[in-house]
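Okay, here's what each chain looks like letter by letter:
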2 protein chains.
Amino acid sequence: MNSGLPFLIAAKLCDIAELQRLALTSSLVDAMGHLIHALQRERGMSNLVLGSQGARCQQALRAQVHDTGLCEQALRQRLSDLDTAASSRGHGARLFSRIAYVLQGLDALPLLRKQVEQLTWTPARATAAYIRLINGLLAVVFEAADSASDPLISRRLVALFNFMQAKEFAGQERATGSALFAAGQAEPVAQQRLLHLIESQERCLQVFQDFTREHGSPSWADSSPASPPAVLERLRRILCTAPAAGPLDTGLSQTWFDACTECIDAMKRTEEQLCAGLRTLCKERIATATADLVAHQQLLERAADLAAPFDEAASFFGAEASVVGVDQHAAPVIGQGYGPQVERSILELVQDQARRLQAVSDELETVRASLNERRLIERAKGLLMAHRSLREDEAHKTLRQMAMNQNRRIVDVAEALLAMAEVLPERSR
Amino acid sequence: MNSGLPFLIAAKLCDIAELQRLALTSSLVDAMGHLIHALQRERGMSNLVLGSQGARCQQALRAQVHDTGLCEQALRQRLSDLDTAASSRGHGARLFSRIAYVLQGLDALPLLRKQVEQLTWTPARATAAYIRLINGLLAVVFEAADSASDPLISRRLVALFNFMQAKEFAGQERATGSALFAAGQAEPVAQQRLLHLIESQERCLQVFQDFTREHGSPSWADSSPASPPAVLERLRRILCTAPAAGPLDTGLSQTWFDACTECIDAMKRTEEQLCAGLRTLCKERIATATADLVAHQQLLERAADLAAPFDEAASFFGAEASVVGVDQHAAPVIGQGYGPQVERSILELVQDQARRLQAVSDELETVRASLNERRLIERAKGLLMAHRSLREDEAHKTLRQMAMNQNRRIVDVAEALLAMAEVLPERSR
């Protein structure tokens, strides 16, 4: 009798179902990336239209709105592929909830566009609206990374999320710098914001590289992004070091925009490579798991004819069977009184699987720790922004300053801050 | 247009599917509890049979083996209810892998019984074999608690697991004490083990009570177990304080066995109440989630007729739409330019759901922290046992001593130990 084997097969089926879910999620992330890129371009052009009071870029914006529409359609198509069968799977509730949020935003997009067309919103307000929508899309990618239960894929998704987030910061940098050059005058709040965006970009790229380096595959390591070109670094310096209300050369506006765009487009190409790599990885992992499944099923067929119960008992209970903790599966004793190979290998398979799943779970915990840190820091920043009416860059600076003063990590300060907020009465929060 | 709403409904369907999975898992835990109780009795009787070289208890053991068989059948029935449809859900792989392991053990049970019947194994070896099997069953309960994604249910499962584990320690205490009284002579290793079992029991009951207290419901708090009766405490004192090789009154053997059994049976009744409470909770949670779902679906039907896009845009983007972190969903702005109630409430629903899911995720993290600590400690103990050939109680004492010397928590010492083992070369582990 081998009652355990069918459950070993069920466990393998779970793995495969999860991998297939991840393949679907990955293709979703791919479509999100395209839409985000289109929205980033649309945001830039909307800014130019609003900044010039409709004198510039109207035509190009209309063409871009059309392109964005195609990306949106493609994404909505992918979303409808997430059929209700998937609804019973894994951490779906949170992913679906994020999707629901972002779809509310996409539904509202035509209205945002109308405000731009009628020149009724300021560039700042339109930019903020686009940022909110893009953040909603990025939140789906974050959730996809957080809910992935395969460490290899989770690692790639975390890297990809950080890369996409870096690219979004680059987009915001382009917009902020464009506004500064267009105004022809340095302005400390915008300069501060610019510095914050550059720093945030670098932080995300650092995480991206950390997650890339640990993985060995060459096609994966090749996709590390190049450093920003010298021309961009020079323009950054000009923007950030100009004295308050000092003059800025409006003629550099286009140079800045083009240099940023070149950089962002290069990032988009890298992002596409990352997505393609992720798709390949999903396929490979599904193939491996399927091969394992077939092997298990063949074993089950062979095992049905066999019965070597004594040897099995000996190997399950072991010669020196000892008290084991909840998490220890003692290794079977090899030696005399040893039964047919097939019997032994089933118990070993079961034990190998248990060990493998434990290793997977440990590895996932490591990968998710970085996401959790990010979540804590973002929430603490949000708390500071709401509570003390700070801008994002100020909130970040405050956190960093607190961490320096207390000689602690930013994430620890964030955690302490959130814990403190929890015990404060609701009214004073 | 309300493209978000269907995904809100999908998220709710995920919740319901997960709750139904938990209801199934809970009924599995219930059946596990019955089988564990039967195996504990069988273990006690097997000990008496082996200890008396077949002179005692043969008849009673045969009856008990029959009863255990019924419990095993009931459990196997429950397991076959975990149909393959469930295989695509949640953390199934780990649960199924644990089940596969325990089924290997159940398959081997007839052989263990043959060893007892033929008096070929020592009482110690038979006891160790039963312990391994029961630990395998408890590991399934642990996994069920760890993979539950509803905090209320997870909390109950953690409490229940600790209670069942305490009961198992009580069972081992009964066996160890019985052997001591039967031998008529105190023996330091067994006395040490006894102390360890008492301490472990109390630790588990403490965790159980911590998880009970935090929850408010009276039926849940009522089920706290009574302290052991005075007679048991007196016998414990006699057993633990007798000098090495000092005499023990063999006449107290039956008194000890009965006092322990009474205690364990009372624990079994409490366990059944806990299981019944868990079943009720699952039903209630499913009913609430289903009511939410119906409300969402009604909203979707109503929303299909409506289109108030401007107001939606205003509420999605907000009057003072700001840069928000990945995890902040800004509250909609209430005030002028405000649309029909239904539109607003959908966005609010989406945001409420996101907040609720975040709260759920935070709460789950807290509940699982206790399981994770346990896992780390068990693994560190296993490492010490394997590496330095210690018994479980010695390994535990070593860990505790290290923690005291370093003025750190046991779990921190365990974590450091495991991290150290990871960097050691494979050969020396």
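These figures come from a predicted structure and were not determined experimentally.

What counts, and where the lines are drawn
The written sequence of each chain sets the order in which its residues are numbered from 1. Think of it this way: whatever chain is written first is A, whatever ligand is written first is 1, and the rest follow in order. The predicted origin of the model limits local features to residues at a pLDDT of at least 70 and limits the giving and counting of side-chain atom pairs to 80 or more, whereas totals for whole chains, interfaces and linings rest on all residues. Where side-chain values are given, they derive from all heavy atoms of the structure, hydrogens and water being excluded. Whenever Lys or Arg places a side-chain nitrogen within 4 Å of a carboxyl oxygen from Asp or Glu, that contact is recorded as a salt bridge. Only runs of H or I of at least four residues qualify as helices and only runs of E of at least two qualify as strands under DSSP, and these elements are numbered from the N terminus. A simple rule labels every residue: compare its accessible area, found with a 1.4 Å probe on the protein chains alone, to the largest value its type can have, and call it buried under 20%, exposed over 50%, or partly exposed in between. Within this scheme, the nonpolar core is defined by two criteria: the residues are buried Ala, Val, Leu, Ile, Met, Phe, Trp, Tyr or Cys, and they are joined through side-chain atoms within 4.5 Å. Contacts are residue-level and defined by heavy atoms, with any inter-residue pair within 4.5 Å sufficient. In this analysis, rings of Phe, Tyr and Trp, with Trp reduced to its six-membered ring, are considered paired at centre separations within 6.5 Å, and the interplanar angle assigns stacked below 30 degrees, edge-to-face beyond 60, and tilted for intermediate values. When the NZ atom of lysine or the CZ atom of arginine is within 6 Å of a ring's centre and also within 35 degrees of its normal, the charge is said to sit over that ring. Nitrogen and oxygen atoms within 3.5 Å of one another constitute a polar contact, given that in protein one can donate a hydrogen and the other can accept it, and given that sequence-neighbouring residues count only through two side-chain atoms. Confidence scores labelled pLDDT are given residue by residue by the predictor and lie between 0 and 100. Marked domain ranges trace back to an automatic or database domain assignment. Here the quantity called buried area is the accessible surface, traced with a 1.4 Å probe, that two parts lose on coming together, added over both. Helix span, expected: 1.5 Å multiplied by one less than the number of residues in the helix. By definition, a residue's bend is the angle between the axes fitted to the seven residues ending there and the seven starting there.

## A closer look at the pattern of salt bridges
- Under the criterion given, the structure shown has 57 salt bridges over all chains.
- The partner of A:Glu143 in a salt bridge is A:Arg94, with the nearest N and O atoms 3.1 Å apart. Placement of A:Glu143 in helix α4 (residues 123-147) and of A:Arg94 in helix α3 (residues 92-117) is noted, with a sequence separation of 49 residues between them.
- A relative accessible area of 15% means that A:Arg94 is categorised as buried.
- Of the charged contacts in the structure, one is a salt bridge between B:Arg409 and B:Glu373, with a shortest N-O distance of 3.2 Å. Here the residue B:Arg409 occupies a position in the loop between α12 (392-406) and α13 (410-423), and B:Glu373 occupies one in helix α11 (residues 341-388), the gap between them amounting to 36 residues.
- Judged by its relative accessible area of 48%, B:Arg409 is partly exposed.
- Residue B:Glu373 is classed as partly exposed on the basis of its relative accessible area, which comes to 30%.
- Within the structure, one salt-bridge network assembled from shared partners comprises A:Arg94, A:Arg98, A:Glu143, A:Asp146 and A:Arg375.

## Re the nonpolar core
- A:Leu75 and A:Ile99 are the most contacted members of the largest nonpolar core, which totals 88 residues.
- Broken down by element, the residue count for this core peaks at 15 residues, all from helix α1 (residues 4-51) of chain A.
- With near-sequence residues (within four places) excluded, A:Ile99 lies in contact with A:Leu28, A:Leu79, A:Leu82, A:Val140 and B:Phe7.

## Section: the packing of aromatic side chains
Residue and element names in this part refer to chain A.
- According to the stated counting rule, one finds 8 aromatic pairs over all chains in the structure shown.
- Here Phe163 and Phe208 contribute two aromatic rings whose centre-to-centre distance is 5.0 Å and whose plane-to-plane angle is 50 degrees, an arrangement assigned as tilted. In this pair, Phe163 is assigned in helix α5 (residues 151-183) and Phe208 in helix α6 (residues 188-213), connecting sequence segments 45 residues apart. Here the two residues Phe163 and Phe208 agree in accessibility, since each one is buried.
- A centroid spacing of 6.1 Å and a plane angle of 55 degrees characterise the contact between Phe181 and Trp256, whose relative ring orientation is tilted. Taken together, the positions of Phe181 in helix α5 and Trp256 in helix α9 (residues 252-304) put the pair 75 residues apart, joining distant regions of the chain. Here Phe181 matches Trp256 in class, with each residue buried.
- Positioned over the ring face of Phe257 is Arg174, at 5.0 Å from the centre of the ring.

## Considering the environment of B:Ile264
Residues and elements named next belong to chain B.
- Considering the arrangement of structural elements, one finds Ile264 in helix α9 (residues 252-304).
- Residue Ile264 is classed as buried on the basis of its relative accessible area of 2%.
- Sequence separation of Ile264 and Leu24 is 240 residues, and the distance between their C-alpha atoms is 26 Å.
- Other than its neighbours up to four places away in sequence, Ile264 contacts His37, Lys167, Ala170, Gly171 and Arg174.

## Comments concerning the environment of B:Arg400
All names here are of chain B.
- Note that Arg400 resides in helix α12.
- Taking C-alpha positions, Arg400 is 9.5 Å from Val411, a pair spaced 11 residues apart along the chain.
- Not counting residues up to four positions away in its chain, the partners in contact with Arg400 are Glu199 and Ile410.
- Looking at Arg400, its side chain comes within polar contact range of the side chain of Glu199, at 2.5 Å.

## Section: the confidence of the model for chain A
Residues and elements named next belong to chain A.
- Residue-level pLDDT values for chain A average 82, and 83% of them are 70 or greater.
- This stretch, residues 425-429, has a pLDDT under 50; its non-local contacts, to residues over four places away or in other chains, come to 4 contacts.
- Reported confidences for the modelled complex are a pTM of 0.80 and an ipTM of 0.75.

## A few points about the domain arrangement of chain A
Residues and elements named next belong to chain A.
- Domain annotation of chain A identifies domain 1 (4-289) and domain 2 (306-428).
- With 27 residues of domain 1 at the contact, the number on the domain 2 side is 20 residues.
- Summed over both sides, the interface of domain 1 with domain 2 buries roughly 2200 Å², with 56% coming from carbon and sulfur.
- If you sort the residues of domain 1 by the area they bury against domain 2, Leu8, Pro151 and His196 come out on top, with a joint share of 24%.
- In this assembly, domain 1 and domain 2 are joined by 4 salt bridges.
- Its salt-bridge partner being Asp15, residue Arg356 comes within 3.0 Å of it at the nearest N-O pair.
- Where domain 1 touches domain 2, the interface holds 8 residue pairs in polar contact (both at pLDDT 80 or more).
- Of all the secondary structure elements, the ones that give two or more residues to the side of domain 1 that touches domain 2 are α1, α4, α5 and α6.

## With respect to helix α1 (residues 4-51) of chain B
- Over its 48 residues, α1(B) extends 69 Å from the first C-alpha to the last, a length consistent with the 70 Å expected when each residue adds 1.5 Å.
- With 39 of 48 residues buried, α1(B) is to be regarded as a mostly interior element.

## Focus: helix α3 (residues 92-117) of chain B
All names here are of chain B.
- The terminal C-alpha atoms of α3 lie 38 Å apart, and with 26 residues this matches the ideal 38 Å at 1.5 Å per residue to within 8%.
- The largest bend in α3 is about 40 degrees, located at Ala108, with the proline Pro110 one to four residues further on.
- Counting buried residues along α3, 23 of its 26 residues qualify, which places the element largely inside the surrounding structure.
- Note on α3: the residue one or two positions beyond its end, Leu119, has a positive phi of about 55 degrees.

## Some remarks on the side chain of B:Ser46
Residue and element names in this part refer to chain B.
- Tracing the backbone through its elements, the reader meets Ser46 in helix α1.
- Among the residues examined, Ser46 registers a relative accessible area of 1% and is labelled buried.
- Only 3.5 Å separates the side chain of Ser46 from the side chain of Tyr130, close enough to count as a polar contact.
- For Ser46, the contacting residues outside a window of four places in its chain are Leu61, Val116 and Tyr130.

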